[in-house]
Amino acid sequence: PNSPHNHFYTSANYPTAGLRENYCRNPRNASTIWCMTTNSEKRWEQCIPIGVISPECATGYQIDKQYSRDALRICAYCVWAIGGVW
């Protein structure tokens, strides 16, 4: 669905910016990507780019205990080693 807000960020005004539908965009080199919302009360919002740790995760991990992260890392190495032997 298109945004209920009037704006000039259109493919006609920015033909090389890939402005299709209502996807996250950055046609004018802002600090991050954003989108026009479909919420009539909120004009736009910032998007979190794929592959970037979200700001809600202050330590950079969903697992907050160091020993749990270490155990997970060891398990990952074990799986990697088993895959290499296979």
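Here, every reference points to the structure presented above.
Residues numbered from 1 in each chain as written. Predicted model: local features only at pLDDT ≥ 70, side-chain atom pairs only at ≥ 80, totals over all residues. Heavy atoms only, no water.

1. Quick notes on the overall build of the chain
Along its length, the chain carries one helix and two strands. Starting at the N terminus and ending at the C terminus, the chain contains elements arranged as β-β-α. Per-residue burial over the chain gives 17% buried out of 86 residues. (Helix = DSSP H or I, 4+ residues; strand = E, 2+ residues; numbered from the N terminus. Buried < 20%, exposed > 50% of the residue type's maximum accessible area, 1.4 Å probe, protein only.)

2. Looking at the pattern of salt bridges
Across all of its chains, the model carries two salt bridges by this definition. The partner of Lys42 in a salt bridge is Glu45, with the nearest N and O atoms 3.3 Å apart. Judged by relative accessible area, Lys42 falls into the partly exposed class, the value being 38%. Overall, the relative accessible area of 33% leaves Glu45 in the partly exposed class. Notably, a salt bridge pairs Arg73 with Asp70, separated by 3.0 Å at the nearest N-O pair. Taken as a pair, Arg73 and Asp70 lie in helix α1 (residues 66-85) at a separation of three residues, close to a single helical turn. For Arg73, a relative accessible area of 38% puts it in the partly exposed group. (Salt bridge = Lys/Arg side-chain N within 4 Å of Asp/Glu carboxyl O.)

3. With respect to the state of the cysteines
The tally for this structure, following the rule as stated, stands at zero disulfides. Cys78 provides the cysteine sulfur closest to Cys75, a residue in no disulfide bond, and the two sulfurs are 6.2 Å apart. Taking the relative accessible area as the measure of exposure, Cys75 reaches 47% and is therefore partly exposed. Residue Cys78 is classed as partly exposed on the basis of its relative accessible area of 42%. (Disulfide = S-S within 2.5 Å.)

4. Notes on the environment of Asn6
With respect to the element layout, Asn6 can be found in the segment before β1 (34-36). For the pair Asn6 and Arg43, spaced 37 residues apart in the sequence, the C-alpha separation amounts to 9.2 Å.

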